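Read off the chains here:
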Amino acid sequence: MFGLPSLRIGKLFGIPLEVDASWFFIFFLVASTLTTSYFPSALPDREPVTYVALGFVTALAFFVSLVLHELAHSLVARAGGVRIARVTLFLFGGVSQMEEEPKGPGHEFVVAMAGPLTSVVLAVTFWFSHLWLAAVGAPDFLWVPIEYLALINFTLAIFNLLPGFPLDGGRVLRAIVWGLSGDLLKATKWASRSGQALGTLFIAVAVFGVLNGTFDFIWLAVMGWFLSTLAAGAYQQQLVRSSLAEVPVERIMSSPPVLAPAEISLDEMAHSYVLGGRHKRYPVVQDGRVIGMVDLDRVNEVPRADWPVVTVAEVAARDIGDIVVAPSTPVDAVLARLEPDGPGAVLVVEEGRLAGIVTRSDVIRLVRETAQQRD
Ligand SMILES: [Zn+2]
């Protein structure tokens with residue numbers, strides 16, 4: 001996000017949680033607003049250190065709420081078979097990075113609703129907790145922050161339900177149009193326009209504010225610009241994806257594939273493949289059968305001195321079951337498997353015979369060609 005470094009703080013339910021550098025800015029902003037303005041007016045005449053402590057703890061609790069909101073999206077997406085790369089907290093809250101699109105409109109709908117629903121449940125829980133604490137006579141510095149957490153979580157739910165992609169409400173809109181029309185591209189187009197319209201509205205409110213002498217809404221302009229950009233990008237991305245859905249892998253595969261015999265040494269392989277080759281991964285064959293894939297990065301991990309005695313078979317990855325596809329498989333269906341941290345290539349097999357190999361560079365070439373045709 002924004003090209004800033006992000007910090008991995010751990011894993012929740014097996015999903016990596018990262019904090020973007022821009023998050024620290026917003027954390028500081030929330031904590032300082034609570035410390036210098038919200039708490040001094042809600043709880044007058046306390047020591048400054050009380051405000052600082054309450055501001056810090058409450059801001060932290062708010063961000064835990066945000067993580068729970070994102071985690072709900074992620075867990076519901078994963079339950080439907082979508083892989084989650086990570087949850088990242090950044091300037092405008094959180095984002096669950098999914099490696100593929102939800103499986104259908106129904107799934108997209110529940111994934112999008114899971115976050116705001118979680119925020120509503122948190123808001124209701126905090127709200128009744130604060131009422132209960134106040135009723136039993138607990139000190140006000142306990143229930144005032146809890147009241148704030150109820151209000152902020154409710155605001156978060158409502159804001160996210162605004163119907164502008166990529167906000168949750170925009171995703172709900174996309175799921176509905178997708179479900180009604182059966183056309184994901186059309187649905188994304190509408191959702192994308194809704195996001196751009198909402199972004200423009202935010203900017204208009206900010207401009208209106210400035211014309212009336214207040215800079216209080218200026219952050220809306222930044223957010224509006226951000227929303228519009230993401231919304232427009234989402235449609236472009238979907239356009240590329242849809243065009244990839246029409247192309248079978250056999251049209252872009254490298255064929256005949258360059259093979260690495262299982263019995264040769266890494267030394268021999270380095271001389272015959274790496275020097276002239278343009279690929280990073282090669283199918284490994286033994287007795288005419290593909291037994292695995294060899295990755296040049298893996299080869300480079302072996303000390304150079306051992307290259308003459310280590311064979312290709314010894315460093316090859318053997319679990320290739322899920323990277324074997326039929327020639328007619330659409331390109332968009334294999335994209336997730338071409339990610340750099342995944343298998344990185346798929347093998348196209350026709351009637352038991354290896355017909356070709358598809359890597360990321362084959363897809364990039366296709367995307368470039370498609371883009372040129374459109375221009
Ligand atoms: Zn959300």
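A short tour of the structure in this document, coming up.

How each quantity is defined
Residues numbered from 1 in each chain as written. Predicted model: local features only at pLDDT ≥ 70, side-chain atom pairs only at ≥ 80, totals over all residues. Heavy atoms only, no water. Helix = DSSP H or I, 4+ residues; strand = E, 2+ residues; numbered from the N terminus. Rg over C-alpha atoms; globule rule 2.2 N^0.38 Å. Buried < 20%, exposed > 50% of the residue type's maximum accessible area, 1.4 Å probe, protein only. Donors = N, O, S within 2.8 Å, 3.2 Å for Na, K, Ca; no water. Tetrahedral: all angles 85-135°; square planar, octahedral: opposite > 155°, others 65-115°. Core = buried A, V, L, I, M, F, W, Y, C linked by side-chain atoms within 4.5 Å. Contact = heavy atoms within 4.5 Å. Polar contact = N/O pair within 3.5 Å; in protein donor to acceptor, adjacent residues only side chain to side chain. 1 Å grid on protein atoms, 1.4 Å probe; cavity = no way out; pocket = protein on both sides within 12 Å on 5 of 7 lines; lining within 4 Å. Points joined across faces, edges and corners; volume = space filled by probe spheres on them. Nonpolar A, V, L, I, M, F, W, Y, C, P; charged D, E, K, R; others polar. Domains from an automatic or database assignment. Expected span 1.5 Å × (residues − 1). Bend = angle between axes of the 7 residues up to and from the residue.

Turning next to the overall build of the chain. When its secondary structure is counted, the chain shows 12 helices and 10 strands. For 375 residues, the compact-globule estimate of 2.2 N^0.38 gives 21 Å, and the C-alpha radius of gyration of the chain, at 26 Å, exceeds that figure by more than 25%. When its C-alpha atoms are laid out on the principal axes, the chain stretches across 80 × 50 × 35 Å. Counting all 375 residues of the chain, 44% fall into the buried class.

Protein-derived coordination of the zinc ion comes from His69 (NE2), His73 (NE2), Asp168 (OD) and Asp168 (OD), at a distance range of 2.0 to 2.7 Å. With 4 donor atoms in place around the zinc ion and angles of 54 to 153° between them, the coordination shape is irregular. Judged by its relative accessible area of 1%, histidine 69 falls in the buried class. Relative accessible area serves as the criterion here: at 4%, histidine 73 is assigned to the buried category.

All right, on to the nonpolar core then. Core analysis: the largest hydrophobic core is formed by 38 residues, its most contacted members being Trp23, Phe39 and Phe63. Counting only elements with at least two residues in this core, the list comes to strand E2 (15-20), helix H1 (21-42), helix H2 (48-79), strand E3 (84-90), helix H3 (105-135) and helix H4 (140-160). In terms of residue count, the dominant contributor to this core is H2 (9 residues). Every residue in contact with phenylalanine 63, bar those within four places of it in the chain, is listed here: Trp23, Ile26 and Phe27. Counting residues in each nonpolar core, the second largest holds 23 residues, with Leu244, Leu338, Leu347 and Val358 among its members.

Relative to the helices and strands, serine 181 resides in helix H5 (residues 168-181). Judged by its relative accessible area of 32%, serine 181 falls in the partly exposed class. A distance of 3.1 Å separates a polar side-chain atom of serine 181 from the backbone nitrogen of aspartate 183.

Over the atoms rolls a probe the size of a water molecule, and in doing so it shows where empty space is left. Here the second largest pocket is characterised by a volume of approximately 440 Å³. For the second largest pocket, the lining is made up of 20 residues, of which Glu100, Glu101, Arg241, Asp332 and Ala333 are closest to its centre. Taken together, the elements giving at least two residues each to the lining of the second largest pocket come down to helix H6 (184-211) and helix H7 (218-245). When residues of the lining of the second largest pocket are assigned to their parent elements, the largest contribution, 4 residues, is made by H7. Each residue belonging to the lining of the second largest pocket can be placed in one class, and the counts come to 9 nonpolar, 3 polar and 8 charged. Two domains each provide a minimum of three residues to the lining of the second largest pocket, namely domain 1 (6-245) and domain 2 (249-374).

Let us now look at H1. Taking 1.5 Å per residue as the helical rise, H1 with its 22 residues ought to reach 32 Å, and the 31 Å between its terminal C-alpha atoms agrees with that figure. Leucine 34 marks the point of greatest bend in H1, at about 45°. Considered for burial, the residues of H1 that qualify are Ser22, Trp23, Ile26, Phe27, Val30, Ala31, Leu34, Thr35 and Phe39.

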